[in-house]
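Report on the structure
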Amino acid sequence: MARTSPPGPRRAGGAPSGHDDHAGGGRGSASGRVRLRRALRTLTGGRGAPRLVHWSDAPVSGAALPWLLPAALPGHPPVALGLGEAPPRSPAATAELAARIAADLTWWPATVAAAARPETLVDLRDASAAQAETLLSLADSEAPGAAAVVLAHGGEGEAAARRRGLPVVRRVAEICPERLDRVIASHGALAHRAALGGRLGLTLAGAADPDPWLSRVRFVDPWRGQSAPAVEALDALALLRAAAQRNDRRTVTLGFSRWKRRNADPFLTGPEGPPAHVAGLRNAVQVAAATRARLAVWGMREATEAEAAGLEVIRLEDGFVRSVGLGLRHAPPCSLAVDRQGLYFDATRPTDLEALAREAEIPDALLARASALRRRLIELGITKYNLARSAPLPETPRQRILVPGQVEGDQSLRFGSPQVQENAELLRRVRARHPEAFILYKPHPDVLTGLRPGAVDAATLAACADAVAVDSAAEACLEWADRLECMTSLMGFEALLRDLPVTTFGRPFYAGWGLTETPLDPAWSRGRTLSIDALAACALILYPRYVDPVSRLPAPPEKVLEWLHAERDFVKTPRGRAREAWRGLASRALNALR
């Protein structure tokens, strides 16, 4: 397409500044450019650096259009790049790609909660005074009376908008695309991306035509930087955008340690940036109120002052597939539960997970995905902590009952098991129910460190347990067992995933759906019967947030399972053992400083 107006300033090497042609500017743009170079090396096989060009340049050999689709957030890696030397797709395949991009809104980055919702967007960021007047007049003639917003960074463009009394925003993230009908710009990515999204894109050169470059788009896996099929890459970009959109307002965390802050950041970063970390409740409430932010607290920490101030409070807790190693030993989490009502273990109030499980329509495709995820989790032997222990378990012809212990005083017992809250009492009840069974007691790994309460006295162990699994992995214990009985332990959910019968003496999130036995309250029900795959869809896919520990980007649970499997194998190697020994020393030092 011939260019009839100045293209705007160019970076060294011929790449147009173009704001949204690259990482979107602002925070993280330097890391975005590094990731762009890596993606280009991947797609070109390392054959030199292609010349970075603008949408209006023809797709020729040796040229590349960076950021054909925008990153969900500044600093995210590119997923879609145009390669001039790539053979073009057919018109039908190109149209199919465009339809998928339009449906997922991946032609637009994540937006802030208070984003404007115009029908017309006029991009005047690089416009001269004459161009600004021409573009604003063009907007008036295209859609008289339509709600319009101007995107400008000061200069002639903003001055022209102010003279006409038009609202001005400074970032693309401040524009919600859902009502957008047209984008008018002197040049640049936005008009072409609007055309990708099925909207009208106009530049001074005429109607934007994204097809020449879209037909030559190539895709990159954002987590590993490898070439990827179109469907997988677009799924990835949609996931990254949805994850960023969940954090459409700034988050202020309350009282997080430095280690916990670093781990929480990728779960809570959105178009307003990473979370702000504040120590005291009063200060946190003031900062959150001043910035219209959400307040994040860990676990069931008291936050009535924040709620009274009208703030939205979200609660964080470790997810169900967490890490290789204990949080107590500072193993970083791969997943977190983020709940706007309570937390999954709190049986005294509504929670987001319970609402999902009770109300969500779970389509067949999601059930199939949950079933495949469950099979893969079992195949890989993934549990919450994935500790590399291998002590053998006893052989016996008697019924094998696994009884997992918990940390006494833990919030899941305080809020989920009012009648039985001690491991010794749990063992006594299980033995009374099954006098002839072989009972294997597995202490909680945090209790075994000596840093958490919950040890069972020797007399109770001798009377109620036939064996104690101190050095056996949770997965091995689940494979060994015929059934599991617990208070509210997550191992009960892990047993259900493996089709084992489960009895609970409390009300954990997985009880009450027709899948477990609750002898202390046999008639209790949550009002809906679920299959294990339906519960897995809610608890493993819809409810938690996941982050890939390598890229520190939001990720689907399937990616996280594969990383956990590889990481568990790594910690068995000499290098892995050395790293874990160093981490153990550092963790002990941090715990001693508490």
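Described below are features of the structure shown in this document. Since we're looking at a predicted model, the values are computed, not measured. (Residues numbered from 1 in each chain as written. Predicted model: local features only at pLDDT ≥ 70, side-chain atom pairs only at ≥ 80, totals over all residues. Heavy atoms only, no water.)

Details of the overall build of the protein chain
Check the secondary structure of the protein chain and you find 21 helices and 23 strands. When burial is assessed residue by residue, the protein chain has 55% of its 594 residues classed as buried. Put simply, 68% of the contacts in the protein chain that link residues at least 6 apart link residues at least 24 apart. Within the structure as shown, the protein chain displays about 24300 Å² of accessible surface, and the carbon and sulfur contribution to it stands at 53%. (Helix = DSSP H or I, 4+ residues; strand = E, 2+ residues; numbered from the N terminus. Buried < 20%, exposed > 50% of the residue type's maximum accessible area, 1.4 Å probe, protein only. Contact = heavy atoms within 4.5 Å. Areas by Shrake-Rupley, 256 points an atom, 1.4 Å probe, with all protein chains shown as cover.)

Overview of the sheet that holds strand β13 (residues 276-278)
Spatially, β13-β12-β14-β15-β16-β22-β23 is the arrangement adopted by the seven strands of the open sheet, whose pairing is mixed. The open sheet terminates on both sides in strands that have one partner only, identified here as β13 and β23 (553-554). Alignment of strand β22 (residues 544-548) against β23, held across two bridges, turns out to be antiparallel. Residue pairing across strands places Asp548 opposite Leu553, the latter belonging to β23. Helix α8 (residues 258-268) rests against β12 (251-254), β13, β14 (294-298), β15 (313-318), β16 (335-339), β22 and β23 of the sheet, and its axis sits at about 105 degrees to β22. (Pairing = 2+ DSSP bridges. Axes fitted to C-alpha atoms, helices over the stretch in contact; angles between N-to-C directions.)

A closer look at the environment of Ser472
Residue position: Ser472 is located in the loop between β19 (467-468) and α17 (474-480). For the pair formed by Ser472 and Ser390, sequence separation is 82 residues and the distance between their alpha carbons is 5.1 Å. Polar contacts involving the side chain of Ser472 include one to the main-chain carbonyl oxygen of Ala391, which spans 2.8 Å. (Polar contact = N/O pair within 3.5 Å; in protein donor to acceptor, adjacent residues only side chain to side chain.)

A closer look at unusual backbone geometry
In the Ramachandran plot, Leu105 falls in the positive-phi region, its phi being about 60 degrees despite a non-glycine side chain. In this structure, Leu105 sits in the loop between α2 (91-104) and β4 (120-123). Residue classification places Leu105 among the buried residues on the basis of a relative accessible area of 15%. Positive phi, close to 55 degrees, is recorded for Arg292, a residue that is not glycine. Considering the arrangement of structural elements, one finds Arg292 in the loop between α9 (281-291) and β14.

Quick look at helix α19 (residues 532-542)
One turn of the α-helix equals 3.6 residues, which is why residues spaced by three or four share an orientation. The buried fraction of α19 amounts to ten of the eleven residues, a majority that puts the element mostly inside the structure. Looking only at α19, the buried set comprises Ile532, Asp533, Ala534, Leu535, Ala536, Ala537, Cys538, Ala539, Leu540 and Ile541.

Description of the pairing of strand β8 (residues 200-203)
In this sheet, β8 lies alongside strand β7 (residues 182-185) in parallel orientation, the contact comprising three bridges. Residue pairing for β8: Ile184 is matched across the bridge by Leu202. One crossover worth recording links β7 to the parallel β8 by way of helix α5 (residues 189-196), and it is right-handed. In the sheet, β8 pairs with strand β9 (residues 206-207) via two bridges, with the strands oriented antiparallel. (Right-handed = clockwise from strand over helix to strand, strands pointing away.)

Observations regarding the packing of α2 against helix α7 (residues 230-246)
The geometry of α2 relative to α7 is characterised by a closest axis approach of 11 Å and an angle of 15 degrees between their N-to-C directions. Taken together, the axes of α2 and α7 are roughly parallel relative to one another. Judged by the twist between their axes, the crossing of α2 over α7 is right-handed. Contacts between α2 and α7 involve Leu97, Arg100, Ile101 and Asp104 from the former and Ala230, Val231, Leu234, Asp235, Ala238 and Arg241 from the latter. The class makeup of the residues in the contact of α2 with α7 is six nonpolar, no polar and four charged. (Parallel < 35°, antiparallel > 145°, perpendicular 65-115°, else oblique. Left-handed = near helix turned anticlockwise from the far one by under 90°. Nonpolar A, V, L, I, M, F, W, Y, C, P; charged D, E, K, R; others polar.)

Structural notes on the sheet that holds strand β18 (residues 438-442)
Hydrogen bonds along the backbone pair up the strands of a sheet, which may run parallel or antiparallel. Across the sheet, five strands lie side by side as β19-β18-β17-β20-β21; this open sheet has parallel pairing. Strand pairing shows two members of the sheet lacking a second neighbour, β19 and β21 (502-504), which therefore form its edges. Where helix α18 (residues 490-497) meets the sheet, its contacts fall on β17 (400-404), β18, β20 (483-486) and β21, and the angle it forms with β20 comes to roughly 160 degrees.

A short note on a nonpolar patch on the surface
Together, Leu448, Val468 and Val470 make up a nonpolar patch on the protein surface, roughly 190 Å² of accessible area in all. Tracing the backbone through its elements, the reader meets Val468 in strand β19. For Val468, a relative accessible area of 37% translates into the label partly exposed. (Patch = residues over 30% accessible without salt bridge, like charges linked within 9 Å, V, L, I, M, F, W, Y side chains within 5 Å. Salt bridge = Lys/Arg side-chain N within 4 Å of Asp/Glu carboxyl O.)

Brief notes about the nonpolar core
Ranked by size, the top nonpolar core spans 65 residues in total, and within it Phe320, Phe493, Phe509 and Leu540 carry the most contacts. The element that contributes the greatest number of residues to this core is α19, accounting for nine residues. When neighbours within four sequence positions are excluded, Phe320 is seen to be in contact with Ser335, Tyr344, Leu353, Lys384, Leu490, Glu494, Phe509, Ala539, Leu540 and Tyr543. Core analysis: the next-biggest nonpolar cluster, separate from the first, contains 36 residues, Leu121, Val149, Leu151 and Val172 among them. (Core = buried A, V, L, I, M, F, W, Y, C linked by side-chain atoms within 4.5 Å.)

Quick look at the side chain of Arg182
For Arg182, the location among the structural elements is in strand β7. Looking at Arg182, its side chain comes within polar contact range of the side chain of Thr120, at 2.7 Å. Setting aside its immediate chain neighbours within four residues, Arg182 contacts Glu119, Thr120, Leu121, Glu142, Ala143, Ala146, Arg199 and Leu200.

Quick word on a positive patch on the surface
Positive charge collects at one region of the surface, where Arg33, Arg37, Arg38 and Arg41 lie side by side. Mapped onto the elements of the fold, Arg37 is located in helix α1 (residues 29-44). (Lys, Arg positive; Asp, Glu negative; His and termini not counted. Charge placed at Lys NZ, Arg CZ, Asp CG, Glu CD.)

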